[in-house]
Amino acid sequence: MTLTDDPRRIILITGCSSGIGRAAAFGLPAERYRVFATARRLADVKSLREAGLESTLLDLNDSISINNALSYVLDRSNGRLDALVNNAAFGQPGAVEDLSRRTLKSQFETNLFGTHELTCACLPIFRSQAEGRIIQVSSILGRICLAYRGAYNASKYALEALSDTLRLELRGSGIQISIIEPGPVESRFRDNSLHVFLDRIDIDSSHHSTLYQKVLKRLESTSNTAFTMPADAIVKPLRHALESRRPRTRYPLTIPARILPMVKRFLSDRAMDRILEAAGDKPD
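Note that the structure is a prediction, hence the values are computed from the model and not measured. Along each chain, the written sequence defines residue order, and numbers are assigned to residues from 1. It should be noted that, the model being predicted, local features are given only for residues of pLDDT at least 70 and side-chain atom pairs only at 80 or more, the latter also being counted only at that level, while totals for whole chains, interfaces and linings use all residues. The basis for every side-chain value is the complete set of non-hydrogen atoms in the structure, without hydrogens or water.

A. Main features of unusual backbone geometry. Phi at alanine 130 takes a positive value of approximately 60 degrees, unusual for a residue other than glycine. Secondary structure elements are defined from DSSP: runs of H or I of at least 4 residues count as helices, runs of E of at least 2 residues count as strands, and each element is numbered from the N terminus. Within the element layout of this structure, alanine 130 appears in the loop between α4 (101–129) and β5 (132–137). Throughout, exposure labels follow a simple rule: accessible area from a 1.4 Å probe, protein chains only, divided by the maximum for the residue type, with under 20% read as buried, over 50% as exposed, and the rest as partly exposed. For alanine 130, a relative accessible area of 49% corresponds to the partly exposed category. The phi dihedral of threonine 254 is positive, around 95 degrees, even though this residue is not glycine. Relative to the helices and strands, threonine 254 resides in the loop between β7 (250–253) and α9 (255–266).

What follows is the structure, encoded as structure tokens:
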């Protein structure tokens, strides 16, 4: 059987070193999907390959890395690509007033600009096939905001807006775009957030330094918050988005992701603020 005869769907997934991305890569059945799982560290690529997946480096902060990764996939799939799953992202904690321009730009480079660049690079391939699927892994924080997560909130709101616009522009092309919106999910997300929090926020000099001690405890904790779901909860909505003839535009994942956006529709901003203040980091 040649590559052109391969009945499996060719899927490119970003951010597969852990959490949702890794669960998605391993959760798609091998008899139906040929998964290319990417990561930005060579050690993670090696781990994915040793576990039996096809993998290559992809750093969304680097245009050359983006182009090389896509070329790697196309060279091995005879130019085919059936779906792109944009999962790679990180969360930058910190009060809005403590976010330097450099820090905010770094958040957007990965969560929006790199994702956008990769998506646009895939569109000509999808157009040539007259079909394709784009799955954006966003967040509940692309629909509602929590304090001290302003950079991440903003990047995910922007991703959702860009995706909604793209969906309008792709109408009639055969290319479908869906957004998956997880709430709390088991992953290394807090570990990564802790690293950039310590690296990019001047904790001791901040007006919010006392509250930041709570943020540190939350990020250092190994216990899960209420309603946390395992990372493989992504697989069911992902398969629906990939396989359905009429995929949904949004797939909220976890109870908070389903409930809070609906509640927001009926409450005033002030009333919603009180709920979100109770749910997030707050002073004593």
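After that view, the rundown keeps rolling.
B. Fine view of the environment of alanine 241. Topologically, alanine 241 is positioned in helix α8 (residues 235–243). A relative accessible area of 0% places alanine 241 in the buried class. Sequence spacing of alanine 241 and alanine 83 is 158 residues, and the spatial spacing of their C-alpha atoms is 10.0 Å. Alanine 241 has contacts with Arg133, Ile135, Ser178, Pro247 and Tyr251, leaving out every residue within four places of it along the chain. What makes two residues a contact is simply this: any of their non-hydrogen atoms within 4.5 Å.

C. Fine view of the pattern of salt bridges. The rule for a salt bridge is simple: a side-chain nitrogen of Lys or Arg has to be within 4 Å of a carboxyl oxygen of Asp or Glu. Under the definition given, this model contains 10 salt bridges. We note a salt bridge from arginine 143 to glutamate 181, for which the minimum N-O separation is 3.0 Å. Of this pair, arginine 143 sits in the loop between β5 and α5 (150–169) while glutamate 181 is found in strand β6 (residues 175–182), placing the two residues 38 residues apart along the sequence. Among the residues examined, arginine 143 registers a relative accessible area of 30% and is labelled partly exposed. The buried category is assigned to glutamate 181, whose relative accessible area is 1%. Here glutamate 243 makes a salt bridge to arginine 239, at a shortest N to O gap of 3.0 Å.

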